[in-house]
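These are the residues of each chain, in order.
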Amino acid sequence: MSRLKVLSVVGARPQFIKAFPVSDALRRDHDEVLVHTGQHYDESMSGVFFDELAIPEPDYNLGVGSGGHAAQTAEMMTRLDAVVADEEPDVVLVYGDTNSTLAAALVAAKRDPALAHAEAGLRSHNWAMPEEVNRVLTDHCSDLLFAPSESAAETLASEGIRDGVSVTGDVQYDAVLRVREAARERSSILDGLDLRDGEYVLATVHRAANTDNRDRLEGIVEGLVSSELPVVFPVHPRTEGALEASGLWSRLADAENVVLVEPVGYLDFVRLLDGAERVATDSGGVQKEAFYLDTRCLTLRDETEWTETVDAGWNALVGADAAAIRAALADDDPLPEKPSLYGDGSAAERIVAALSEYEYA
Ligand code: UD1
Ligand code: UDP
């Protein structure tokens, strides 16, 4: 097996988490060039993950920052294209479904390196979601596709993509397994917030469909305020802006049962999720992590890509209606036995094995 030059592209919070087990495995036998697009840049959305997870300093930070979809994606492509031209990697590795993912996929597809996509084959079937556009286009440009489940591989096959597909399991399962114990031992967030295991609800919200629609945002706010248990809510910067602009921030800040905090680091987040009585979220990653950590999940969306967690009875799709959220927060039907859905925690090793075995042009 020859040594590969892999150019990995990350840019948004979930990608730092997904990349950390893979980078670790990759660097044992191959050379990695790590590129941060700069899509997320606040210390609490980016720097904290590099420090805590000992992710190597990126070789390049493209410093693109925030912007509209077209401007942000175009700027990433322009800056990344120059890096790919200089570095001449064998393969460009991308994660998930953000604008950073799509920008890198388009650059790689139009240059020489192969393109590899971790978290391939996920679909919400909601074309209004920017992430759906990003993930479908990325899959259709990719040479190597790492599916977290058999059903994701079947989805790819149904779209005519069969070559280069491997079912690896979910890299976020690897990530959770690596930090769960450390989070229990080292995180002091529960004490800091005066919370006890099993006696609070965790909430996260950031999807455009929720933040950019006042009715939906208000439905979520009213649903959370109605919780019997205290609600701890690490607020994504996009959501903070939307809550302030829509006049809903004070409704949460003034509610006795709601604790608003800045976004937290991964160890603290895993500790919060592990200890929560349940979680209410519109995040993709948090739905899966809740499942891995045995925490009941309410998903504040009308559809999900992680349908197996819903089919298994561990995740309820409740949308953004206050009454539905209130009812779901009170539901205490016992949870069914948990199936194994997204691999065995060795997705990173499988991804590296597939990258190593691929025949590059
Ligand atoms: C992006 C991804 C989404 C992913 C999420 C993870 C796209 C289209 N969306 O959404 O799929 O689930 O990241 O969190 O790629 N902001 C800051 N500081 C930061 C980052 C963002 O203040 O460090 C604010 C800015 O006002 C920015 C807004 O948040 O305009 C949205 O950021 P952006 O990266 O465009 O999208 P996200 O909503 O974070
Ligand atoms: N996360 C975190 N701190 C927070 C909120 C989330 O570390 O305050 C982690 C969480 O554990 C998960 C990832 O960020 O691994 C999810 O990112 P996000 O919800 O922003 O994006 P999505 O998964 O929806 O794309």
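Every chain begins its residue count from 1, and numbering advances along the sequence as written. Chains carry letters and ligands carry numbers; both start at the beginning, A for chains and 1 for ligands, and go up in the order they are written. Predicted model: local features are reported for residues with pLDDT of at least 70 only, side-chain atom pairs are reported and counted for 80 or more only, and whole-chain, interface and lining totals are derived from all residues. No hydrogens and no water enter the side-chain calculation; it runs on all heavy atoms of the structure.

### Focus: the overall build of the protein chain
As a reminder of what qualifies: Note on conventions: DSSP H or I runs of at least 4 residues are helices, E runs of at least 2 residues are strands, and numbering of each starts at the N terminus. Computation of the radius of gyration draws on C-alpha atoms alone. For the globule rule, the value is 2.2 Å times the number of residues to the power 0.38. Burial here depends on accessible area, computed with a 1.4 Å probe over protein chains only, as a share of the maximum for the residue type. Under 20% is buried, over 50% is exposed, and the range in between is partly exposed. Between two residues, a contact is recorded if the distance between any of their heavy atoms is within 4.5 Å. For accessible areas, the Shrake-Rupley method is used with a probe of radius 1.4 Å. Any residue's cover is judged against the shown protein chains and nothing else. Think of it this way: Lys and Arg go in the positive column, Asp and Glu in the negative one, and His and the chain ends go nowhere. Charged side chains are reduced to one point each, which is NZ for Lys, CZ for Arg, CG for Asp and CD for Glu.
Helix and strand content of the protein chain: 17 helices and 13 strands. A compact globule built from 361 residues would reach a C-alpha radius of gyration of about 21 Å, and the protein chain, at 20 Å, matches this within 12%. In terms of principal-axis extent, the alpha carbons of the protein chain reach across some 60 × 40 × 40 Å. Residues counted as buried form 58% of the 361 residues belonging to the protein chain. The contacts of the protein chain with a sequence gap of at least 6 include a subset with a gap of at least 24, amounting to 71%. In the structure as shown, the protein chain presents an accessible area of about 14700 Å², 46% of it carried by carbon and sulfur atoms. For the protein chain, the centre of its 30 positive side-chain charges and the centre of its 65 negative side-chain charges are spaced 0 Å apart.

### Thoughts on the domain arrangement of the protein chain
Stated formally: Residue ranges for the domains originate in an automatic or database domain assignment. Once two parts are brought into contact, the accessible area they lose, counted with a 1.4 Å probe and summed over both, makes up the buried area. The working definition used for a salt bridge is a side-chain nitrogen of Lys or Arg within 4 Å of a carboxyl oxygen of Asp or Glu. Identification of polar contacts relies on pairs of N or O atoms within 3.5 Å, with a donor-acceptor requirement for protein atoms, meaning one able to donate a hydrogen and the other able to accept it, and with residues adjacent in sequence counted only if both atoms are side-chain atoms.
Taken as a whole, the protein chain is organised into domain 1 (5-170 + 343-357) and domain 2 (185-330). With centres defined by C-alpha atoms, the gap from domain 1 to domain 2 works out at 26 Å. Listed by partner, the interface residues are 22 residues for domain 1 and 17 residues for domain 2. Across the interface of domain 1 and domain 2, roughly 1600 Å² is buried in total on both sides, 56% from carbon and sulfur atoms. Between the two partners, domain 1 and domain 2, sit four salt bridges. A salt bridge links Glu-305 to Arg-135, with the nearest nitrogen and oxygen atoms 3.5 Å apart. Counting across the domain 1 and domain 2 interface gives ten residue pairs in polar contact (both at pLDDT 80 or more).

### Thoughts on a negative patch on the surface
Note the threshold: For patch building, the residue pool is restricted to those with more than 30% relative accessible area and no salt bridge; the joining distance is 9 Å between like charges and 5 Å between nonpolar side chains (Val, Leu, Ile, Met, Phe, Trp, Tyr).
A cluster of acidic residues, Asp-42, Glu-43, Asp-51, Glu-57 and Glu-262, forms a negative patch at the surface. Within the element layout of this structure, Glu-262 appears in the loop between β10 (258-261) and α13 (266-275). For Glu-262, a relative accessible area of 53% puts it in the exposed group.

### A closer look at the site of ligand 1
Condition: We define proximity as follows: a residue is near a molecule or strand when any one of its heavy atoms falls within 4 Å of that partner. Charged means Asp, Glu, Lys or Arg here, nonpolar means Ala, Val, Leu, Ile, Met, Phe, Trp, Tyr, Cys or Pro, and polar covers whatever is left, Gly included.
In the vicinity of ligand 1, 19 residues are found, and the nearest of them are His-40, Asn-99, Glu-131, His-206 and Arg-238. The separation between an oxygen atom of ligand 1 and a polar side-chain atom of His-40 is 2.7 Å. Backbone polar atom of Tyr-41 to an oxygen atom of ligand 1: 2.9 Å apart, as the coordinates give it. At the level of elements, α3 (69-87) and α11 (237-245) are the ones that each hand at least two residues to the shell around ligand 1. Taken together, the residues that form the shell around ligand 1 break down as five nonpolar, nine polar and five charged. Viewed by domain, the shell around ligand 1 spans two of them, domain 1 (5-170 + 343-357) and domain 2 (185-330), each represented by three or more residues.

### Concerning the side chain of Ser-283
Position of Ser-283 relative to the elements: it lies in the loop between β11 (278-281) and α14 (284-292). Of the polar contacts made by the side chain of Ser-283, one reaches the backbone nitrogen of Val-286; its length is 3.0 Å. In this view, Ser-283 contacts Thr-204, His-206 and Arg-207; residues no more than four positions away in its chain are not counted.

### Focus on the site of ligand 2
Taken together, 17 residues form the shell around ligand 2, and within it Arg-207, Val-264, Ser-283, Gly-285 and Glu-289 come nearest. The contact in question runs from an oxygen atom of ligand 2 to an N or O atom on the side chain of Arg-207, over 2.8 Å. Here an oxygen atom of ligand 2 and a side-chain polar atom of Ser-283 are 2.7 Å apart. Here ligand 2 has 540 Å² of accessible area as a free molecule, and 96% of this is covered by the chains. Breaking the shell around ligand 2 down by element, the ones donating at least two residues are α1 (13-29), α13 and α14.

### Notes on the pairing of β11
As a reminder, the rule being used: A pair of strands counts as paired when DSSP detects no fewer than two bridges linking them. With strands facing away from the observer, any crossover in which the path from the first strand over the helix to the second runs clockwise is taken as right-handed.
Burial of β11 is two-sided: the residues Arg-278 and Ala-280 facing one way and the residues Val-279 and Thr-281 facing the other way are all buried. Relative to strand β12 (residues 296-299), β11 runs parallel, the two being bridged by four bridges. Its bridge partner being in β12, Val-279 is matched across the sheet by Cys-297. A crossover links β11 with its parallel partner β12, the connecting element being α14, and its sense is right-handed.

### Concerning the sheet that holds strand β5 (residues 114-118)
For the record, the criterion: Here the axes come from fitting lines to C-alpha atoms, over the contacting stretch only for helices, and the angles between their N-to-C directions go from 0 to 180 degrees.
Within the open sheet, the seven strands sit side by side as β3-β2-β1-β4-β5-β6-β7. Their pairing is parallel. The outermost strands of the open sheet, each flanked by one partner alone, are β3 (60-61) and β7 (165-167). Pairing of β5 with strand β6 (residues 144-147), which is carried by three bridges, proceeds in the parallel orientation. Across the sheet, residue His-117 finds its bridge partner in β6, namely Leu-145. Lying over the sheet, α1 contacts β1 (5-10), β2 (31-36) and β4 (91-95), oriented at roughly 145° with respect to β4.

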